[in-house]
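# Overview (structure and organization)
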Amino acid sequence: MAYLNVNQVTKYVKNKLLLDSVSFSIEKGTLNGLTGPSGSGKSTLVKAIAGIEHYTKGTIDLEDTALPNRKVLKRIGYMPQTFALFPDLSADQHIKYFAGLYKLPRNKFLKRTNDLFEMVHLSDVIHQPVYTYSEDMKRRLSLILALFHTPSLAILDNPTTGLDISLKEIIWKEFRKLASIGASLIIVTNELEEAGYCDQLLYLNNGKVMIQGTESDFIEMTGMNSLKESLIFLGSNEDGNESNSEETTYTNNT
Ligand SMILES: Nc1ncnc2c1ncn2[C@@H]1O[C@H](COP(=O)(O)OP(=O)(O)OP(=O)(O)O)[C@@H](O)[C@H]1O
């Protein structure tokens, strides 16, 4: 049995269909990219998995536990696309707050938290209130809040958007390290290079999974020569029609 099973998840808001019978599964110890055009439902889907948003139909199971479930909360790390931070609290106070929420002993995570702050170059400001942070620093703190307790399922919505390339590389090494000790990660990304770092990718369009698979599955299904070409093709060819260039969503940092 897969570690996470998403089965026929459907979400309506009023009469609008945001998620259309989404089904997929992910294995332990894997990096899973979630990609697709802007507005395709990526954030809605990860919010449903993280238990932040209600869904209309379907089931989500983490091993044998149906989500959402408060008992497994501490095993999940979630980084929202829009930061949920307290402006008057420092980074350090955020960690204390979240450790309390998960009922985890703060001291157990002291070394790991310090290492993570060091990794994202926040060590010097951990006692400063968040209202003094730049957007970029808030993103880095938000990421650490999702990872400091070494979750077995990390759900990260655009974790590296806007960060510099060298920091992105360091962060992806950390993701790979987490996967190597058994964690499963779901990473929302619209960056071509990052999509290539994942073990499997899910391509969402109009709330529907268009393709789920490895790099070679994408190449085979689109008839392109590389994952990069496949994603550009899918992004510019929604519903089989040429779309205008404004709708091309991918960022190419290569
Ligand atoms: N609470 C809501 N009520 C109504 N519509 C919503 C709600 N939340 C999201 N939507 C709509 O659902 C669609 C999917 O939004 P979502 O944020 O999940 O897309 P996304 O793929 O994450 O986009 P992006 O890449 O731009 O972040 C969009 O059309 C959005 O406007």
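For the structure itself, look to the data block above.
Below: a short report on this structure. It should be emphasised that the depicted structure is a prediction, and the values quoted were computed from it without experimental measurement. (Residues numbered from 1 in each chain as written. Predicted model: local features only at pLDDT ≥ 70, side-chain atom pairs only at ≥ 80, totals over all residues. Heavy atoms only, no water.)

## Quick notes on unusual backbone geometry
With an omega of -5°, the peptide bond between Leu67 and Pro68 qualifies as cis. With respect to the helices, strands and loops of the structure, Pro68 is situated in the loop between strand 5 (65–67) and strand 6 (76–79). If you check the backbone angles, Thr150 has positive phi at about 45° while not being a glycine. With respect to the helices and strands, Thr150 occurs in the loop between helix 4 (135–147) and strand 7 (153–157). Notably, Asn206 is not glycine yet its phi reads approximately 50°, a positive angle. Within the secondary structure layout, Asn206 lies in the loop between strand 9 (200–205) and strand 10 (208–213). (Helix = DSSP H or I, 4+ residues; strand = E, 2+ residues; numbered from the N terminus.)

## Brief notes about the sheet that holds strand 7
Judged by pairing direction, the sheet is mixed, and its six strands sit side by side in the order 6-7-8-3-9-10 without closing on themselves. Strand pairing shows two members of the sheet lacking a second neighbour, strand 6 and strand 10, which therefore form its edges. The sheet shows a mean angle of 15° between the axes of neighbouring strands, direction not considered. Judged from the four bridges that link them, strand 6 and strand 7 form a sheet pairing that is parallel. Across the sheet, residue Met79 finds its bridge partner in strand 7, namely Leu156. Across the sheet, helix 1 (residues 42–50) touches strand 3 (31–35), strand 6, strand 7, strand 8 (184–188) and strand 9, and the angle it forms with strand 7 is around 150°. Helix 4 rests against strand 6 and strand 7 of the sheet, and its axis sits at about 165° to strand 6. (Pairing = 2+ DSSP bridges. Axes fitted to C-alpha atoms, helices over the stretch in contact; angles between N-to-C directions. Contact = heavy atoms within 4.5 Å.)

## A short note on the side chain of Ser90
Mapped onto the fold, Ser90 is located in the loop between strand 6 and helix 2 (91–101). Using a relative accessible area of 4% as the deciding quantity, one classes Ser90 as buried. Polar side-chain contacts of Ser90 include one of 3.3 Å to the backbone oxygen of Ile126. Apart from the residues within four sequence positions on either side, Ser90 is in contact with Ile126, His127, Gln128, Pro129 and Val130. (Buried < 20%, exposed > 50% of the residue type's maximum accessible area, 1.4 Å probe, protein only. Polar contact = N/O pair within 3.5 Å; in protein donor to acceptor, adjacent residues only side chain to side chain.)

## With respect to helix 1
Judged by how many residues are buried, helix 1 sits mostly within the fold: eight of nine residues are covered. Residues Lys42, Ser43, Thr44, Leu45, Val46, Ala48, Ile49 and Ala50 constitute the buried set of helix 1. A positive phi of about 85° marks Gly51, the residue just after helix 1.

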